[in-house]
Amino acid sequence: QVQLVESGGGLVQPGGSLRLSCAASGISFSLFAMGWFRQAPGKQRELVAAITRGGTTNYADSVKGRFTSSRDNAKNTVYLQMNTLKPEDTAVYYCSAGRYYYSGGYTPDYWGQGTQVTVSS
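Residues numbered from 1 in each chain as written. Predicted model: local features only at pLDDT ≥ 70, side-chain atom pairs only at ≥ 80, totals over all residues. Heavy atoms only, no water.

So, the pairing of strand E5 (residues 46–51)
In the case of a regular strand, side chains alternate between the two sheet surfaces. Relative to E5, strand E4 (residues 33–39) is paired through five bridges, and the arrangement is antiparallel. Residue pairing for E5: Trp36 is matched across the bridge by Ala49. Here E4 folds back onto E5 in antiparallel fashion, the turn holding six residues, of which Gly42 has a positive phi close to 80°. When E5 meets strand E6 (residues 57–59), the two strands line up antiparallel, connected through three bridges. Bridge pairing in E6 links Ile51 to Thr57. What sits between the antiparallel neighbours E5 and E6 is a turn of five residues, in which Gly55 has the positive phi angle 100°. (Pairing = 2+ DSSP bridges. Helix = DSSP H or I, 4+ residues; strand = E, 2+ residues; numbered from the N terminus.)

Some remarks on the pairing of strand E8 (residues 77–82)
Counting buried positions along E8 gives five out of six residues, so the element sits mostly inside the fold. The sheet contact formed by strand E3 (residues 18–25) and E8 spans six bridges and is antiparallel. By the bridge assignment, Leu18 is partnered in E8 with Met82. Looking at chain direction, strand E7 (residues 67–72) and E8 are connected through six bridges and run antiparallel. Across the sheet, the residue bridging to Phe67 is Met82, located in E8. (Buried < 20%, exposed > 50% of the residue type's maximum accessible area, 1.4 Å probe, protein only.)

Given below as C-alpha cells:
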C-alpha cells in the first residue's frame, strides 16, 4: 500500500519560511520522481516543484528563487523549503510520486493527503 504523508504546514506571516516534508512508504522511493503541487480555493491544482530520481529540480515560475525541493533517499523523504512566503502561496500542498520525462515534464502516479499552508499577518 502506497502512502505519502506530508507534514510541516501551518500559519506563517508574509516573508516567513516553512519546510514541508513528505514521507513515502510502499514504493521504491529512489525509483520515483517526486512532485509538489498546490491548490488554492477556487483554483486548479498546479505543479510547484518536481525533483527527478537523480535530484534535478524544476520549479514553477511563481516560486523560483524562493522554494527549494530536495530528497533523502535513505529516509524515503522529499522536502520543500519555502522562503519569503507570500499571501498568494496560501494553498493546500500535496506531495506526489511519479515519473519525469525531460520531453514532457512530470506526471504524478500517487498522492498524499495534503497539508495546509496559510500565509497571513
